[in-house]
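# Residue-level structure breakdown
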Amino acid sequence: MRKSANLLTTFVLLLVFIVLLTSCRGQTFQMPEKSTESETLTIVTSFYPVYIATINVAGDVPGVKVINMTQPATGCLHDYQLKPDDLKTLSEAQIFVVNGAGMETFMDKVTSQLPNLKIIEASKGIPLIKGDGEDENPHVWVSISNTVQQVKNIGQQLAELDPEHAAQYITNTNVYVDKLEALRARMHQALDGAGKRDIITFHEAFPYFAREFNLNVVAVIEREPGSEPGPAELAGTIEIIQKSGIKAMFTEPQYPAKAAEVIARETGAKLFILDPAVTGPMEPDAYLKIMEANMKTLEEALN
Ligand SMILES: [Zn+2]
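Presented here is a report on the structure given in the accompanying data block. Being a predicted model, the structure only gives us computed values, none of them experimental. (Residues numbered from 1 in each chain as written. Predicted model: local features only at pLDDT ≥ 70, side-chain atom pairs only at ≥ 80, totals over all residues. Heavy atoms only, no water.)

## Quick look at the overall build of the protein
Along the protein, the regular secondary structure elements total 11 helices and eight strands. Here the protein holds 303 residues, and the buried ones make up 47% of them. For the protein, the proportion of contacts with a sequence separation of at least 24, taken over those separated by at least 6, is 63%. When the accessible surface of the protein is summed, it comes to about 16,000 Å², and 55% of that surface belongs to carbon and sulfur atoms. (Helix = DSSP H or I, 4+ residues; strand = E, 2+ residues; numbered from the N terminus. Buried < 20%, exposed > 50% of the residue type's maximum accessible area, 1.4 Å probe, protein only. Contact = heavy atoms within 4.5 Å. Areas by Shrake-Rupley, 256 points an atom, 1.4 Å probe, with all protein chains shown as cover.)

Here is the structure:
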């Protein structure tokens, strides 16, 4: 009897203790049951280069999740159509980081369907180069200086939208910008004295890069991914190369090199691979590594 009475007392005391603890928690912490869910800030990026810039700024900030909307192998978003899965991904995010400069042609659909989603346009304020026809060339990130500006834009706007982590965004921005600027300085050292300055590229991804390193893009072999040049365009390119005497052509790892191989065979020009950093490893230093490899390729091709 005594034993069970003791048990009962213990049980009642335990119950009182739990009730006290629970009510105490209820007063001290606001809505503890929602804590982990509501404290996660989800940032979605539109495609690879924007993803790499954003993980450098926000990737290690506690409670922040960075997701890339498109598959890693998507490449440029020219004429990209939003999929239902993309809209689902965006509907679960608070912030959408885009390249801008006309790369994401689907933005009307995003802003009309998700009016509360905050948009960060990475290319804001970057002077744009005219592309083919009316449009501006959207491949701004292929220039390191432009990537520096994009990273600063992302950092500043994230700091404004998520002031709690502002100091971390700004510190991360500065650390990454320092690395980019150091690489840019080394690339100038390697390329400024190169004897040849004329290059032939594969799709229209390199005008910003060429401007940064004082190179001339004299011909573009295939302007849009997936559109093989017709016979007349091929013949025109072969003529330009023969007249120019250019002995180096640059294809991209993301695109079939068939047309380039035909031209190389016809002209005797050598093929090199120049990477516009539009696909690659999903790692913070991926852009730096790609540009470092481009530097070595150009050093070999232009000297
Ligand atoms: Zn492109």
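## Points about helix α11 (residues 286-302)
Its 17 residues give α11 an end-to-end C-alpha distance of 24 Å, which sits within 8% of 24 Å, the value for a rise of 1.5 Å per residue. Within α11, burial applies to Ala 286, Tyr 287, Leu 288, Ile 290, Met 291, Asn 294, Met 295, Thr 297, Leu 298, Ala 301 and Leu 302. (Expected span 1.5 Å × (residues − 1).)

## Focus on the packing of aromatic side chains
Going through the model one piece at a time under the given rule, you end up with five aromatic pairs. With centroids separated by 5.9 Å and ring planes inclined at 65 degrees, the aromatic side chains of Tyr 80 and Phe 106 adopt a geometry described as edge-to-face. Highlighted residues: Tyr 80 in the loop between β2 (64-68) and α4 (84-91) and Phe 106 in the loop between β3 (95-98) and α5 (107-113), separated in sequence by 26 residues. When its relative accessible area of 12% is taken as the criterion, Tyr 80 is described as buried. (Phe/Tyr/Trp six-rings, centres within 6.5 Å; stacked < 30°, edge-to-face > 60°.)

## Digging into the coordination of the zinc ion
Distances from the zinc ion to its protein donors, Cys 76 (SG), His 78 (NE2), His 139 (NE2) and His 203 (NE2), fall within 2.1 to 2.2 Å. Every donor counted, the four donor atoms about the zinc ion form angles of 98 to 127 degrees at the centre, which fits tetrahedral coordination. Residue His 203 is classed as buried on the basis of its relative accessible area of 2%. (Donors = N, O, S within 2.8 Å, 3.2 Å for Na, K, Ca; no water. Tetrahedral: all angles 85-135°; square planar, octahedral: opposite > 155°, others 65-115°.)

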